[in-house]
Amino acid sequence: MSNTSIAEIVNKNLKTRYKKEARFRKYGQLSIFIAVTFLFIFFTSIISKGYSAFYQAEIFLKIELQQEFIDPDNTNDLEEIRYADFDGIINKSLYSLFPEITKRSDKRELRDLMSSGASIKIQQLVLEDLSLIGKTINIWLPLDDEVDMLIKGNIDENLPEQSRRISDLQISSIETLQTQGLIKNKFNKTLFVSGDSRESEQAGILGALVGSALMLTITFLIAFPLGVSAAIYLEEFAPKNRFIDFIEVNINNLAAVPSIIYGLLGLAVFINYAGMPRSAPLVGGLVLALMTFPVIIIAARASLQSVPPSIRDAALGVGASKMQSIFDHILPLALPGILTGSIIGMARALGESAPLIMIGMVAFVVDIPTSPLDSSAALPVQVYLWADSPERGFVEKTSAAIMVLLMFLLLMNSLAIWLRNKYEIKW
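Reading the values: rules and limits
- Residues numbered from 1 in each chain as written.
- Predicted model: local features only at pLDDT ≥ 70, side-chain atom pairs only at ≥ 80, totals over all residues.
- Heavy atoms only, no water.
- Helix = DSSP H or I, 4+ residues; strand = E, 2+ residues; numbered from the N terminus.
- Rg over C-alpha atoms; globule rule 2.2 N^0.38 Å.
- Buried < 20%, exposed > 50% of the residue type's maximum accessible area, 1.4 Å probe, protein only.
- Contact = heavy atoms within 4.5 Å.
- Areas by Shrake-Rupley, 256 points an atom, 1.4 Å probe, with all protein chains shown as cover.
- Lys, Arg positive; Asp, Glu negative; His and termini not counted.
- Charge placed at Lys NZ, Arg CZ, Asp CG, Glu CD.
- Patch = residues over 30% accessible without salt bridge, like charges linked within 9 Å, V, L, I, M, F, W, Y side chains within 5 Å.
- Salt bridge = Lys/Arg side-chain N within 4 Å of Asp/Glu carboxyl O.
- Pairing = 2+ DSSP bridges.
- Axes fitted to C-alpha atoms, helices over the stretch in contact; angles between N-to-C directions.
- Polar contact = N/O pair within 3.5 Å; in protein donor to acceptor, adjacent residues only side chain to side chain.
- Expected span 1.5 Å × (residues − 1).
- Arc of directions from axis to C-beta.
- Phe/Tyr/Trp six-rings, centres within 6.5 Å; stacked < 30°, edge-to-face > 60°.
- Lys NZ or Arg CZ within 6 Å of the ring centre and 35° of its normal.
- Parallel < 35°, antiparallel > 145°, perpendicular 65-115°, else oblique.
- Left-handed = near helix turned anticlockwise from the far one by under 90°.
- Nonpolar A, V, L, I, M, F, W, Y, C, P; charged D, E, K, R; others polar.
- 1 Å grid on protein atoms, 1.4 Å probe; cavity = no way out; pocket = protein on both sides within 12 Å on 5 of 7 lines; lining within 4 Å.
- Points joined across faces, edges and corners; volume = space filled by probe spheres on them.

A.B. asks: Please explain the overall build of the protein chain as it appears in this structure.
C.D. replies: On a plain count of helices and strands, the protein chain comes out with 18 helices and 3 strands. Since a compact globule built from 427 residues should have a radius of gyration of about 22 Å, the 31 Å found for the protein chain marks it as more spread out than a globular shape. Along the longest, intermediate and shortest principal axes, the C-alpha atoms of the protein chain span 105 × 70 × 40 Å. Considering the protein chain as a whole, with its 427 residues, one finds that 40% of them fall into the buried category. In the protein chain, the proportion of contacts linking residues at least 24 apart, taken out of those at least 6 apart, comes to 76%. Counting only carbon and sulfur atoms, one obtains 60% of the accessible surface of the protein chain, whose full area is about 23500 Å². Charged side chains in the protein chain number 38 positive and 43 negative. The centres of these two groups are separated by 15 Å.

Right, dumping it as structure tokens:
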């Protein structure tokens, strides 16, 4: 009778335990579902807003590069040609498509269809090849951002004319040009080959990409060797005492310090005290190196600890010195884990904007940096700047820049996973 009671109790407890396990499993599945849902919403929102930035509306024009407009005295002086009336040349070609439009106000509305970057494009072509003067060329030129937004369906044509920034005449002119096949959406090379601009159709991310690349290079060259060296010392050579324990605790604390604190440190030390230039990749790289330094130390120490003590003992047993055992045996085995942790730390640095804003990298910079001392932007800061712009054209540029930034982050994290899976040794 007692045996039957015990069996019933055990079965009852088993049923209760199984129900708890099943309930916990459902909670886990629900958590994963919620996380994936939010991730899907995030990517859907970014892609739906940003994919249109990768193409841009352009118009096909026959441009007559008349001598009297560009170089009337036939001097071939590049400085004079640089300031020629290229806008007038483009406008003349545009007017020829609408001979029925004769009023000055209507012609002004036609001119507003063109991007200010169209004349710059013609100017560059002529400066690169003076033999084009006097000839007629066929070329695709960028349209104004409002025209681009209209063609992409981001402007409601049914609104009253006074409620939109594009007139009825301009809309009808655009429809006429589209019917004739003179307006098409083309791949937006400007996004990848130009720096920042006040005009959304001319704005690009090249300056920010170059600035981020320079900063990450400086960050890696400083943080990686110093971080690995510090980890080797703390793990292999440092005595076990209170001072070393104090240092180890503070390294762990520094890894959790908000990034904006490093920006304040960089502002105080590198700019105010050392006199380094504001908004320079050199200062940004130094600040990000300080931020990444404790992350690399922690990752390197964990990788060194994962190497079995038998490797050390075997190396010392065959006559290797302490340095030889570390650099010839232990470090090569720990290197995959060190690289993985370093790449993840660099990926975190790539996405930081708060410390860069503190050192002045929020400034409007048009030129592409050519050295670490030139003024520059960074990709996350460029996203911040464009997100603060009221023009509709910058909304898609912001989302497109986020997509590029996410792509680089995914590539860096994928590289870290690949290195870990390929070279990781399981003991």
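What follows picks up the thread again.
A.B. asks: Where do I start with a nonpolar patch on the surface in this structure?
C.D. replies: Nonpolar side chains collect at one region of the surface, where L30, F33, I34, F38, F40 and I41 lie side by side and expose about 670 Å² of accessible area between them. Among the structural elements, F38 can be located in helix α1 (residues 2-50).

A.B. asks: Would you take a moment to explain a positive patch on the surface for this structure?
C.D. replies: On the surface, K15, K19, K20 and R23 cluster together to form a positively charged patch. Looking at the secondary structure, you find R23 in helix α1.

A.B. asks: Please clarify how the sheet that holds strand β1 (residues 55-64) should be interpreted in this entry.
C.D. replies: Note: strands within a sheet are paired through backbone hydrogen bonds, in either parallel or antiparallel orientation. Read across the sheet, 3 strands follow the order β2-β1-β3 without closing on themselves; strand pairing throughout is antiparallel. Each edge of the sheet is formed by a strand with only one pairing partner; in this case those strands are β2 (136-142) and β3 (183-187). Taken pair by pair, the neighbouring strands of this sheet meet at an average axis angle of 40°, ignoring direction. Both β1 and β2 contribute to a ladder of 7 bridges, which runs antiparallel. Residue pairing for β2: F60 is matched across the bridge by W140. Along the sheet, helix α6 (residues 117-128) contacts β1 and β2; its crossing angle with β2, the most-contacted strand, is approximately 140°.

A.B. asks: Would you take a moment to explain the side chain of R164 for this structure?
C.D. replies: Residue placement: R164 occurs in the loop between α7 (145-151) and α8 (168-179). Overall, R164 belongs to the buried group, its relative accessible area being 12%. Here the side chain of R164 touches L159 through a polar contact of 3.1 Å, landing on its backbone oxygen. Those residues within four positions of R164 in sequence are excluded, and the remaining contacts are I155, D156, E157, L159 and I171.

A.B. asks: What's the story with α8 in this structure? I'm lost.
C.D. replies: The periodicity of an α-helix, 3.6 residues per turn, causes residues three or four places apart in sequence to face the same way. If you check α8, its first and last C-alpha atoms are 17 Å apart, about what 12 residues at 1.5 Å a residue would give, namely 16 Å. Among the residues of α8, those classed as buried are Q170, I171, S173, I174 and L177. Taken end-on, α8 shows its buried residues confined to a sector of 165°, consistent with a single buried face. Where α8 is buried, its residues meet β1, α5 (104-111), α7 and β3. G181 lies just past α8 and shows a positive phi near 75°.

A.B. asks: Is there a simple way to think about the packing of aromatic side chains in this case?
C.D. replies: Counted according to the given criterion, the structure contains 7 aromatic pairs. A connected cluster of aromatic rings, assembled from ring pairs, spans F54, F187 and F192. Lying over the aromatic face of Y55, K152 brings its terminal NZ or CZ to 5.0 Å of the ring centre. In this arrangement the basic side chain of K186 is found over the ring face of W140, its NZ or CZ atom lying 4.5 Å from the centre.

A.B. asks: What should I look at first to understand the packing of helix α17 (residues 379-387) against helix α18 (residues 392-423) in this one?
C.D. replies: For any two helices packed against each other, one specifies the crossing angle of their axes together with the interaxial distance. Direction vectors running N to C along α17 and α18 enclose 160°, while the axes themselves pass 9 Å from each other. Of the possible angle classes, the one that applies to α17 and α18 is roughly antiparallel. For the pair α17 and α18, the sense of crossing is left-handed. Along the contact surface, α17 presents L379, P380, V383, W386 and A387, while α18 presents F394, K397, T398, A401, I402, V404 and L405. Each residue belonging to the contact of α17 with α18 can be placed in one class, and the counts come to 10 nonpolar, 1 polar and 1 charged.

A.B. asks: I'm lost on the pattern of salt bridges in this one. Help?
C.D. replies: Pairing is possible between side chains that carry opposite charge, provided their charged atoms lie close to one another. Summed over the entire model, instances satisfying the criterion amount to 10 salt bridges. Ionic pairing is found between R82 and E79, a salt bridge with its closest N-O pair at 3.8 Å. Of the two residues, R82 and E79 are both situated in helix α3 (residues 78-82); the distance of 3 residues between them amounts to about one turn of the helix. Residue R82 is classed as partly exposed on the basis of its relative accessible area, which comes to 33%. E396 is the salt-bridge partner of K152, the closest N and O atoms lying 2.9 Å from each other. In this pair, K152 sits in the loop between α7 and α8 while E396 sits in helix α18, placing the two residues 244 residues apart along the sequence. One connected set of salt bridges, linked through shared partners, spans D148, K152 and E396.

A.B. asks: When you look at the layout of surface pockets in this model, what are you seeing that I'm missing?
C.D. replies: Empty space among the atoms can be located by rolling a probe the size of a water molecule over them. Computed from the structure, the largest pocket encloses a volume of approximately 620 Å³. Taken together, 24 residues form the lining of the largest pocket, with G117, K121, Q124, T190 and S194 sitting closest to its centre. Of the residues forming the lining of the largest pocket, the biggest block, 6 residues, is contributed by α6. Residues belonging to the lining of the largest pocket are distributed by class as follows: 6 nonpolar, 10 polar and 8 charged.

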